[in-house]
Structure formats: C-alpha cells, structure tokens
Amino acid sequence: MMFANPTVPLIPEGMMHDMYELVKSGGGYSEENGGQWIPGNTEQVKFRGVVLPVNDRDLMYAEAGTHTQCSRKAYTNGHALKVGSQVLDPQDGITYVVKQELGYNSVHPIKRYLIDSEGGVAEK
C-alpha cells in the first residue's frame, strides 16, 4: 500500500468523488441546412473533486463579495477549471458554472472555485 506524501497537503480522498467537466467542441453553421447552427459535441472530462457550501470567509475572496442561495465551492487536487466552464456533479445531479477561482496557497496542488448551479437549484 502506498501512502501520499505527507508534506503535500491534499483534500482527503474519502471526501472526493468523480465529477465531470463538460467541454463543448465543434459546432458551426451548416450551409446544407440553410445556414442553421448545428451544435457540437459535449465531452465529459472526469476528475476527482468535492462540492461544499460557501461561508463568510470565502466571500472575502469573492469579486463582488456576495453569493446566491445556489453558490457553492468546489475543491480539486490539481485539476484546473476555467471560469465559465460547466461542472456536473453526479452525486447531486446538478450542473454548476465556475464563477471564480478562489485564492489559495500556491505551494500545493489544491484548487478552489466559487460555483453556482446552472438552473438556480437550491440545496435540498
């Protein structure tokens, strides 16, 4: 059994679960269809992460200093997300949009993001 390097802080694996970054590609206007838009494909890129509620301390780093009822934060152990990208959390069946990368210590691979549910679905 291998153990993680104790000098590199990471989110515990027991908290993490499979999540998917939804990456859209292709798409374009089709001359054969009278110039209509033909959507591209959406690829699901699997990564390990966790979604947690936001707290007042997180808001110190938020651009506007506010959050909605649907705001959450996502943690990854190194998987980088872009602002505006979509993330599917199959554990709760909600698709989130990355609103902002939250500051964190740059010495380790942990990444934190402020996310909002796409459809405005509040936590159950």
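Just so it is clear, the structure is predicted and the values come from calculations on it, not from any experiment. (Residues numbered from 1 in each chain as written. Predicted model: local features only at pLDDT ≥ 70, side-chain atom pairs only at ≥ 80, totals over all residues. Heavy atoms only, no water.)

K.L.:
Looking at this model, I keep getting lost on the pattern of salt bridges. Mind explaining?
P.N.:
Close approach of charged atoms allows side chains of opposite charge to pair. Per the stated rule, a full pass over the model turns up three salt bridges. The residue D18 makes a salt bridge to R48 at a minimum N-O spacing of 3.0 Å. Note that D18 is positioned in strand β1 (residues 17-25) and R48 in strand β4 (residues 41-53), a separation of 30 residues in sequence. Overlapping salt bridges bring together E13, D18, K46 and R48 as one network. (Salt bridge = Lys/Arg side-chain N within 4 Å of Asp/Glu carboxyl O. Helix = DSSP H or I, 4+ residues; strand = E, 2+ residues; numbered from the N terminus.)

K.L.:
Which parts of the structure should I look at to understand the nonpolar core?
P.N.:
Of all hydrophobic cores here, the largest spans eleven residues; its members are M19, F47, V51, A74, L81, V87, I94, Y96, V98, Y113 and I115. Elements represented by at least two residues in this core include exactly β4, β7 (94-102) and β8 (111-117). If you tally residues by element for this core, the top one is β7, at three residues. Each residue touching V51, except ones within four places of it in the same chain, is listed here: H17, M19, R72, K73, A74, D89, Y96 and I115. (Core = buried A, V, L, I, M, F, W, Y, C linked by side-chain atoms within 4.5 Å. Buried < 20%, exposed > 50% of the residue type's maximum accessible area, 1.4 Å probe, protein only. Contact = heavy atoms within 4.5 Å.)

K.L.:
Before we go on, may I ask you to explain the environment of V45 in this structure?
P.N.:
Structurally, the position occupied by V45 is in strand β4. By relative accessible area, which is 27% here, V45 ends up partly exposed. Residues V45 and E21, 24 residues apart in the sequence, show an inter-C-alpha distance of 5.0 Å. In this view, V45 contacts M19, Y20, E21, V23 and H79; residues no more than four positions away in its chain are not counted.

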